[in-house]
Amino acid sequence: MGKRKILQAVLTAGVCVLLLCSCSGKKQGGAEKLQVGVACYDRSDTFINSVVDSYKEQIGSYQEDGLPVTISVMDAAGLQRTQNDQIKELLSSGCSVLCVNLVDRTDPSEIIDLARDNDVPIIFFNREPVAEDMLQWSGLYYVGAYAEQSGVMQGELAADAIKEHEEVDRNGDGKIQYVVLEGEPGHQDAIIRTENAVDTLKKNDVRLEKLSYGIANWNRAQAQNRMTQMIGQYPDQIELVLANNDDMILGAIDAFEALNTAEDARPVFFGIDGTDVGLEAVLDGRLAGTVYNDKEGQAEAMVKLTIALFTGEGMDDIAFENERCIYLPYHKITIENAREFQNLS
Ligand code: GAL
Ligand code: CA
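Residues numbered from 1 in each chain as written. Chains lettered and ligands numbered in written order. Predicted model: local features only at pLDDT ≥ 70, side-chain atom pairs only at ≥ 80, totals over all residues. Heavy atoms only, no water.

Participant: For the coordination of the calcium ion (ligand 2), give the residues involved together with the corresponding values.
Facilitator: For the calcium ion (ligand 2), the protein coordination sphere consists of Asp169 (OD), Asn171 (OD1), Asp173 (OD), Lys175 (O), Gln177 (OE1), Glu239 (OE) and Glu239 (OE), at 2.2 to 2.5 Å. Expressed as a motif, the donor residue spacing for the calcium ion (ligand 2) is D-x1-N-x1-D-x1-K-x1-Q-x61-E. Remark: Glu239 occurs in the loop between α8 (220-233) and β10 (240-243) and Gln177 occurs in strand β8 (residues 176-182); sequence separation between them is 62 residues. Glu239 shares its class with Gln177; the two are buried. (Donors = N, O, S within 2.8 Å, 3.2 Å for Na, K, Ca; no water. Helix = DSSP H or I, 4+ residues; strand = E, 2+ residues; numbered from the N terminus. Buried < 20%, exposed > 50% of the residue type's maximum accessible area, 1.4 Å probe, protein only.)

Participant: With reference to specific residues and values, describe the nonpolar core.
Facilitator: Counting 61 residues, the largest nonpolar core has Leu34, Tyr55, Leu181, Met227 and Val241 as its most contacted members. Looking at this core, you find at least three residues from each of domain 1 (2-145 + 295-313) and domain 2 (147-292). In terms of nonpolar packing, the next biggest core, distinct from the first, is built from 23 residues, Leu157, Val168, Val291 and Tyr330 among them. (Core = buried A, V, L, I, M, F, W, Y, C linked by side-chain atoms within 4.5 Å. Domains from an automatic or database assignment.)

Participant: Explain α8 to me, and be specific about the residues and the numbers.
Facilitator: For α8, built from 14 residues, the straight-helix expectation of 20 Å at 1.5 Å per residue is met to within 8% by its first-to-last C-alpha distance of 20 Å. Within α8, the full set of buried residues consists of Ala223, Met227, Met230 and Ile231. The buried side chains of α8 occupy one side of the element, clustering within an arc of 100 degrees when seen end-on. Opposite its buried face, α8 presents the exposed residues Ala221, Gly232 and Gln233, each directed more than 90 degrees away. Packed against the buried residues of α8 are β8, β9 (208-215), β10 and α9 (246-258). You can read the cap of α8 off the contacts: a side-chain oxygen lies 3.0 Å from the backbone nitrogen of Ala221, and it is on Asn219. (Expected span 1.5 Å × (residues − 1). Arc of directions from axis to C-beta. Contact = heavy atoms within 4.5 Å. Polar contact = N/O pair within 3.5 Å; in protein donor to acceptor, adjacent residues only side chain to side chain.)

Participant: Outline the pattern of salt bridges, listing residues and values.
Facilitator: Per the stated rule, a full pass over the model turns up 16 salt bridges. Put simply, Arg81 and Glu110 hold a salt bridge, and the shortest N to O gap is 3.2 Å. Placement of the pair is Arg81 in helix α3 (residues 80-92) and Glu110 in helix α4 (residues 109-118), with a sequence separation of 29 residues. On the basis of relative accessible area, Glu110 is assigned to the partly exposed category, the value being 29%. As a salt-bridge pair, Asp189 and Arg193 come within 3.5 Å of each other at their nearest N and O atoms. Here Asp189 pairs with Arg193, and both are found in helix α7 (residues 188-203), just four residues apart, close to one helical turn. Among the residues examined, Asp189 registers a relative accessible area of 5% and is labelled buried. Arg193 gets classed as buried once you look at its relative accessible area, which sits at 2%. In this structure, a network of salt bridges that share partners links the residues Arg81, Asp85, Lys88 and Glu110. (Salt bridge = Lys/Arg side-chain N within 4 Å of Asp/Glu carboxyl O.)

Participant: Hey, could you go over unusual backbone geometry for me, with residue numbers and the actual values?
Facilitator: Residues other than glycine seldom take positive phi values, yet Asn217 does so here, at roughly 50 degrees. Within the fold, Asn217 resides in the loop between β9 and α8. For Glu323, which is not glycine, the phi dihedral falls at a positive 70 degrees. Note on placement: Glu323 falls in the loop between α11 (295-311) and β13 (325-328). A residue is classified by how much of its surface remains accessible, and Glu323, at 67% relative accessible area, is exposed.

Participant: Would you mind going over the domain arrangement of the protein in detail, with residue names and values included?
Facilitator: Interface extent is often summarised as the accessible area lost during association of the parts. According to the domain assignment, the protein consists of domain 1 (2-145 + 295-313) and domain 2 (147-292). Distance between the C-alpha centres of domain 1 and domain 2: 36 Å. Listed by partner, the interface residues are twelve residues for domain 1 and 13 residues for domain 2. Three residues stand out in domain 1 for area buried against domain 2, namely Thr46, Arg105 and Lys295, and they jointly supply 41% of the buried area on that side. We note a salt bridge from Glu184 to Arg127, for which the minimum N-O separation is 2.8 Å. (Buried area = accessible area lost by both parts, 1.4 Å probe.)

Participant: Could you give an account of the site of ligand 1, with specific residues and numbers?
Facilitator: Near ligand 1 you find 13 residues, and of these Asp45, Asn126, His187, Asp189 and Asp273 are the closest. A distance of 2.8 Å separates an oxygen atom of ligand 1 from a polar atom in the side chain of His187. Asn293 is positioned with one of its side-chain polar atoms (N or O) 3.4 Å from an oxygen atom of ligand 1. Contact with the protein chains covers 99% of the free accessible surface of ligand 1, which is 310 Å². Breaking the shell around ligand 1 down by element, the ones donating at least two residues are α2 (46-64) and α7. Of the residues in the shell around ligand 1, the class split is four nonpolar, four polar and five charged. A domain split of the shell around ligand 1 shows at least three residues from each of domain 1 (2-145 + 295-313) and domain 2 (147-292). (Near = heavy atom within 4 Å. Areas by Shrake-Rupley, 256 points an atom, 1.4 Å probe, with all protein chains shown as cover. Nonpolar A, V, L, I, M, F, W, Y, C, P; charged D, E, K, R; others polar.)

Participant: Give me the sheet that holds strand β4 (residues 69-75): which residues, what numbers.
Facilitator: Two modes of strand pairing occur in sheets, parallel and antiparallel, and in both the strands are linked by backbone hydrogen bonds. Spatially, β4-β3-β5-β6-β7-β13 is the arrangement adopted by the six strands of the open sheet, whose pairing is parallel. The two strands at the open ends of the sheet, each matched to only one other strand, are β4 and β13. This sheet shows a mean twist of 15 degrees between the axes of neighbouring strands, independent of strand direction. Against the sheet, α4 contacts β5 (97-100), β6 (122-125) and β7 (140-145), and its axis sits at roughly 155 degrees relative to β6. (Pairing = 2+ DSSP bridges. Axes fitted to C-alpha atoms, helices over the stretch in contact; angles between N-to-C directions.)

Participant: So what about the packing of aromatic side chains? Which residues, and what values?
Facilitator: Counted under the stated rule, the structure contains five aromatic pairs. Centroid distance Tyr141 to Phe320: 5.8 Å. Interplanar angle 40 degrees. Geometry classified as tilted. Within this pair, whereas Tyr141 is found in strand β7, its partner Phe320 is found in the loop between α11 and β13, the two being separated by 179 residues in sequence. Judged by its relative accessible area of 23%, Phe320 falls in the partly exposed class. When the ring of Tyr292 is compared with that of Phe341, the centres are 4.8 Å apart and the planes differ by 50 degrees; the resulting orientation is tilted. Of this pair, Tyr292 sits in strand β12 (residues 290-292) while Phe341 sits in the segment after β14 (331-333), and the two are 49 residues apart along the sequence. The exposure class assigned to Tyr292 is buried, which follows from its relative accessible area of 1%. Of the aromatic side chains, those joined through ring pairs into one cluster are Tyr142, Tyr146 and Tyr327. Stacked on the ring of Tyr41, the Lys or Arg Arg127 has its end atom at 3.7 Å from the ring centre. (Phe/Tyr/Trp six-rings, centres within 6.5 Å; stacked < 30°, edge-to-face > 60°. Lys NZ or Arg CZ within 6 Å of the ring centre and 35° of its normal.)

As structure tokens, then:
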């Protein structure tokens, strides 16, 4: 063997040892090593990406305090089968805690069985399993937010704007002609947000006329398509657009922009999330309001829970609801306070 080959062999062996160490879980150089597996339903989702980024950033401070942490993030790209395989991979690489953003929130059984067999706890986040599934095993937790609250807040923001600006009722018929852009069917944040927003508007004595709705799966480009179709069906009639998230409301605004609709012929728009792009749109006046989906708070709760599950300490300081769930509150955002929500992480 020539010198170069020997060097190559030594380097390869070194890399293998390193890889083995990084996958073999707890003990490393005397210190306990925390290995977290994060499984996302789809990493092209703006809000999910920001939760994961904030989680990584916040858990990094424990790393600075001397706890070695590695995080593997998986993207199921919308397929539950893919996610199940990714969970197997994460478990066999020695993860001590799993954070799971289910693809299909009604289908977690295979993942729960795998985790229970390996005695690795799961923190579900953002896509809430149904209550019966949460009871399948005591090692299951959930971190998220109350969907109803976000819908009520969106409805209140819209009701306030309509009362303050009578020009929203552009045709002056005393009713607000509106359309809704909805997230994935079956997601707790889709139907519940829509129902609560509309009910709240009605409770606030706003007379409504629903023209149409479109399902756009949280996605900006799909929302632009649906909105363009609805504008074609109801030209110049739409006075209010509600969307279940910011990416979809931004897609709706894109549709009006692409058609060069004059400012005074556009509806008012309301989203939910307060993503970076959503906040910018509020600040530049294109989006009348949104509702903050507390990504930093949710990530912080997930980090605290991860550390408590790993170290066995600090569990008593966590305020759970329904024994193993944590819900972070939403906040209303308008141009008045949008800046306070920027760069929180
Ligand atoms: C919602 C959020 C959406 C989308 C969805 C994914 O809470 O508002 O933007 O990220 O979760 O499950
Ligand atoms: Ca009207």
